[in-house]
Amino acid sequence: MLSSKNLLTSIASPGLRREFSLLKNQGFINGKWVAAQGNAKFEVVNPATKAVIDSVPDMNIQDTKLAIDAATEAFKTFRNTTAKYRANLLRNWYNLMVQHSEELAKILTQENGKSLAESRAEITYGNSFVEWFSEEARRINGEILPATTDNRKLMILKQPAGVAALITPWNFPHAMITRKAGAAIAAGCTCIIKPSEDTPFTGLALAQLADDAGFPAGVINVITTNTSNSPDVGKAICDDKRVRVVSFTGSTQVGKILYRQCADNVKKVCLELGGNAPFIVFESANIDLAVSSAMVCKFRNTGQTCISANRFYVQKNVFQEFTSKFLERMQKDIVLGDGMKQNVTHGPLIKKSQIDMVDHLVQDAVSKGAKLHCGGKRLADLGELFYAPTLLTDVNENMEIFAKEIFGPVAVIHQFESEDQVLMDANNINVGLAGYFYSENLSQIFRVARKMEVGMIGVNEGLISCAEAAFGGVKESGLGREGSKHGVDDFLDIKYLCLGNIQY
Ligand code: SIN
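What counts, and at which threshold
Residues numbered from 1 in each chain as written. Predicted model: local features only at pLDDT ≥ 70, side-chain atom pairs only at ≥ 80, totals over all residues. Heavy atoms only, no water. Helix = DSSP H or I, 4+ residues; strand = E, 2+ residues; numbered from the N terminus. Rg over C-alpha atoms; globule rule 2.2 N^0.38 Å. Buried < 20%, exposed > 50% of the residue type's maximum accessible area, 1.4 Å probe, protein only. Contact = heavy atoms within 4.5 Å. Areas by Shrake-Rupley, 256 points an atom, 1.4 Å probe, with all protein chains shown as cover. Lys, Arg positive; Asp, Glu negative; His and termini not counted. Charge placed at Lys NZ, Arg CZ, Asp CG, Glu CD. Arc of directions from axis to C-beta. Polar contact = N/O pair within 3.5 Å; in protein donor to acceptor, adjacent residues only side chain to side chain. Near = heavy atom within 4 Å. 1 Å grid on protein atoms, 1.4 Å probe; cavity = no way out; pocket = protein on both sides within 12 Å on 5 of 7 lines; lining within 4 Å. Sits in = over half its atoms within 2 Å of the grid points. Salt bridge = Lys/Arg side-chain N within 4 Å of Asp/Glu carboxyl O. Pairing = 2+ DSSP bridges. Axes fitted to C-alpha atoms, helices over the stretch in contact; angles between N-to-C directions. Points joined across faces, edges and corners; volume = space filled by probe spheres on them. Nonpolar A, V, L, I, M, F, W, Y, C, P; charged D, E, K, R; others polar. UniProt positions renumbered as here; feature names shortened; annotations may be inferred. Left-handed = near helix turned anticlockwise from the far one by under 90°.

As for the overall build of the protein chain
Moving on, step 1. Helices and strands together make up the secondary structure of the protein chain, namely 15 helices and 22 strands.
Moving on, step 2. By the compact-globule yardstick of 23 Å for 504 residues, the protein chain fits well, its C-alpha radius of gyration being 24 Å.
Moving on, step 3. Across its three principal axes, the protein chain shows a C-alpha extent of roughly 75 × 70 × 40 Å.
Moving on, step 4. Counting all 504 residues of the protein chain, 57% fall into the buried class.
Moving on, step 5. Contacts spanning at least 24 positions in sequence make up 73% of the contacts within the protein chain whose residues lie at least 6 apart.
Moving on, step 6. Summed over all atoms, the accessible surface of the protein chain reaches about 20700 Å², with 51% contributed by carbon and sulfur.
Moving on, step 7. On the protein chain, the mean spot of the 54 positive side-chain charges and the mean spot of the 54 negative ones are 5 Å from each other.

Listed below in C-alpha cells is the structure:
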C-alpha cells in the first residue's frame, strides 16, 4: 500500500519531478512534509504554457493552527539562541540557496512565468537578503542610556517579538520570502510562511533548503492555501494571539484588511503594499540613460512589480525625443514567450484576472481618446496570458488608467511644463512607494528628492532594489521597512530596563 506521502508524490508531474529535486508538493510544518488535514489539494499551473506543474495542499484554519502550534513551541527555545548561532544558520541556508540557484530559478520560471534571465536575477537578489541578515544578526545591539541619577543604570534590550506570519506575493516568490524570513530569523523569531497560491513551489523549495541547513523543527513552516481558503487563513493568523508579527507584501486592499484584523490583539504589522511610481524626465536629463532605465523599470517582471514605473512624466522640450526612443526600444528589445526558452526576455502575466484588468484599462483609455503607439492587445498566438507591450500618450483623468497601478506591460507617458506642476501631479495620489527622476541639475536633484512623497527614490537610476536598501513606502503604500539594518525592527520588541539603587 502507498503511504500518503508516496501517494502525493505519484501525482506529481513525473518529468518535472525528475528534473527538480526541490519541487515539493506538500506543506512543511514542524520539520515534516505534510498534506492538508482534510487532504484537499489544488493544482498550480505554468502561466506561459498552462501545463499543470503539480498539486499542493489546500490548507485551512486547522492546518494554520498546527503551524502556529509548531512555531510557538519552537520559539520557546529559538528565542534563547545566540546571534552567532542564528547567523551561522542563515549562512548555511544562503550557501545552499547559492548552490541550488539554477534549480530555484527554473522552478520560479515554471510557476511565475518570468524569463529564466529574470528568475536568475531574482534568485541572486533573494539570496542576498539571507546573506545580509546572516551578517546583521550579530549587530542587533541594545543600548546603554545616560541615567539621570548616579545610582541607576538604564538600558534598552532588543528581544525577538515572537511568532511571525510572513504572507508573500506571486510577483517575487523568492525574494519576498527571503527578505522577510532572513530578518525574522536574525531577530530570533520563528515563522509561518504563506506563499501566494499562484507560486507556492519556490517557498516549499526554500523550506527544504532550510531543513537541509539545519533549522530546528518549527522554526520555519510553510502552509499552502488556495484562493478560497486564503481570507480565512489570513484571519486565523491575525486572530491568533500567539502570532506577534504579521508581515505582508501585496495589494493595498488586502493589506488594509489584515491591518484592521491585527488591531484586535495589537500585533506588529509590516505592510509592503501597492505603488504607482512616477518616473519624471526633466529637460536637463541624459535622455538615452532615461530611456534605458525606463525599459528596466517599467518592464521588470512584465510590469508586475510594485516599484515599476507606472506614470511617466516627460518635460515638454524632450517629450518627442524620449517617447520615440522609448517606443523604438520597446519594439526592439522585448521578446515575449515561455520563459524557459532561450532569447525570451519577458513572460506572460500571471493569471486571467490580471490580463483582463490590464486589457480593460487599455481599452478604456483608447476608447476615451488616448493615443496608442504600440500594443494594446492580447497575443493569443503566444498563449492566453500574453499581452503586447503597450505605449499610450494623451491620457487624462477621465480614463481609469490615469490613477491606477497597472501591473502589466503598459507605459503611459504624460507631458509636463514645470517642476512645480509635475511635483503636484506626481504627489496627487494616496500611495507613495517608489519614485524616479532624471536630471543633471544638482539643485533640482535635491529639491525634487525632498519634495517627492514616496519612500524610495531613484535619481538617474531605475533599478534601486538591493539588500542594503530600506525597502518600503509612505502613505497607503505601507508601514515598516524591509532589507537594510531596519529590516529586523518589525521582528523585535524593545525592553527598557531600569536598574536602581546601585550602591557605589
Ligand atoms: C515588489 O514588487 O513587491 C518587490 C520589488 C523589489 O523588491 O524590487
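Overview of helix 15 (residues 442-451)
Moving on, step 1. Those residues of helix 15 not exposed but buried are Gln 444, Ile 445 and Val 448. For helix 15, the buried positions fall inside an angular range of 105° around the axis, keeping them on one side. Every exposed residue of helix 15 that faces more than 90 degrees away from the buried side is listed here: Leu 442, Phe 446 and Arg 450.
Moving on, step 2. On the buried face of helix 15, the contacting elements are helix 14 (419-427), strand 18 (434-438) and strand 19 (456-459).
Moving on, step 3. Two or three places before Ser 443, at the opening of helix 15, Asn 441 has a side-chain oxygen 3.1 Å from that residue's backbone nitrogen.

A few points about the site of the ligand
Moving on, step 1. In the vicinity of the ligand, the contacting residues are Tyr 125, Asn 171, Phe 172, Met 176, Arg 179, Thr 249, Arg 300, Thr 305, Cys 306, Ile 307, Ser 465 and Phe 471.
Moving on, step 2. Contact between the ligand and Arg 179: an oxygen atom at 3.0 Å from a side-chain N or O atom of the residue.
Moving on, step 3. One of the backbone nitrogen or oxygen atoms of Cys 306 is found 2.8 Å away from an oxygen atom of the ligand.
Moving on, step 4. Burial of the ligand by the surrounding chains reaches 99%, relative to a free accessible area of 260 Å².
Moving on, step 5. A majority-of-atoms criterion places the ligand in the largest cavity.

What to know about the pattern of salt bridges
Moving on, step 1. Using the criterion set out here, one finds 26 salt bridges in the structure.
Moving on, step 2. Notably, a salt bridge pairs Asp 239 with Lys 235, separated by 2.7 Å at the nearest N-O pair. Here Lys 235 and Asp 239 lie together in helix 9 (residues 230-239), a separation of four residues that amounts to about one turn.
Moving on, step 3. According to the relative accessible area criterion, Lys 235 is partly exposed, its value standing at 39%.
Moving on, step 4. Of the charged contacts, one joins Glu 417 and Lys 316 as a salt bridge, the two residues approaching to 3.8 Å between their closest N and O atoms. A residue pair is termed long-range when its members are at least 10 positions apart, and Glu 417 in the loop between strand 16 (410-416) and helix 14 and Lys 316 in helix 12 (residues 316-333) qualify at 101 residues.
Moving on, step 5. On the basis of relative accessibility, which here comes to 54%, the residue Glu 417 falls in the exposed class.
Moving on, step 6. One connected set of salt bridges, linked through shared partners, spans Lys 65, Asp 69, Asp 240 and Arg 242.

A look at the side chain of Glu 419
Moving on, step 1. By the element assignment, Glu 419 lies in helix 14.
Moving on, step 2. Not counting residues within four places of it along the chain, the set of residues in contact with Glu 419 comprises Phe 282, Gln 444, Arg 447 and Val 448.

Details of the sheet that holds strand 19
Moving on, step 1. Spatially, 14-15-16-13-12-18-19 is the arrangement adopted by the seven strands of the open sheet, whose pairing is mixed. The sheet is open, and its two borders are formed by strand 14 (371-374) and strand 19, each paired with just one other strand. For this sheet, the mean inter-axis angle between neighbouring strands, taken without regard to orientation, is 20°.
Moving on, step 2. Strand direction decides the pairing type here: strand 15 (residues 390-393) and strand 16, joined by three bridges, are parallel. Each residue of the ladder has a partner; that of Thr 390, found in strand 16, is Val 410.
Moving on, step 3. Strands strand 12 (277-281), strand 13 (309-315), strand 16 and strand 18 of the sheet are contacted by helix 11 (residues 287-299), whose axis makes an angle of about 165° with strand 12.
Moving on, step 4. Packed on one face of the sheet, helix 12 meets strand 12, strand 13, strand 14, strand 15 and strand 16 and runs near 135° to strand 13.

Some words on empty space enclosed by the protein
Moving on, step 1. Considering all chains together, one arrives at five cavities of 30 Å³ or more under this definition.
Moving on, step 2. Roughly 120 Å³ of volume is contained in the largest cavity.
Moving on, step 3. Around the largest cavity, the lining comprises 15 residues; the ones closest to its centre are Phe 172, Met 176, Arg 179, Cys 306 and Phe 471.
Moving on, step 4. Across the lining of the largest cavity, the residue classes break down as eight nonpolar, four polar and three charged.
Moving on, step 5. The calculated volume of the second largest cavity comes to roughly 60 Å³.
Moving on, step 6. In this structure, the second largest cavity is lined by 14 residues; those nearest its centre are Pro 278, Arg 311, Ala 426, Val 431 and Val 454.
Moving on, step 7. At the level of secondary structure, the elements contributing two or more residues to the lining of the second largest cavity comprise strand 12, helix 14 and strand 17 (431-432).
Moving on, step 8. Split by residue class, the lining of the second largest cavity holds nine nonpolar, three polar and two charged.

Describing the UniProt feature "domain: Aldehyde dehydrogenase" (unreviewed entry) in the protein chain
Moving on, step 1. With numbering aligned to this structure, UniProt lists the feature "domain: Aldehyde dehydrogenase" (unreviewed entry) at residues 33-496.
Moving on, step 2. End-to-end, the C-alpha atoms of residues 33-496 are 40 Å apart, and along that stretch the chain is 39% helix and 21% strand.

Topic: the packing of helix 9 against helix 10 (residues 252-263)
Moving on, step 1. Contact geometry for helix 9 and helix 10: axes closest at 8 Å, N-to-C directions at 35°. Considering how the two elements wind past one another, helix 9 and helix 10 form a crossing that is right-handed. Here Gly 234, Lys 235, Cys 238 and Asp 239 of helix 9 come into contact with helix 10, specifically with Leu 258, Gln 261 and Cys 262.
Moving on, step 2. In terms of residue class, the contact of helix 9 with helix 10 is built from three nonpolar, two polar and two charged.

Digging into the sheet that holds strand 22 (residues 492-499)
Each strand in a sheet pairs with another by means of backbone hydrogen bonds, the pair being arranged parallel or else antiparallel.
Moving on, step 1. Read across the open sheet, the three strands follow the order 5-6-22; overall the sheet is antiparallel. Looking along the sheet, the strands with just one partner apiece sit at the ends: strand 5 (143-145) and strand 22. Geometrically, the sheet is characterised by an average inter-axis angle of 25° between neighbouring strands, direction not taken into account.
Moving on, step 2. Relative to strand 6 (residues 153-160), strand 5 is paired through three bridges, and the arrangement is antiparallel. Directly across from Leu 145, in strand 6, lies its bridge partner Leu 154.

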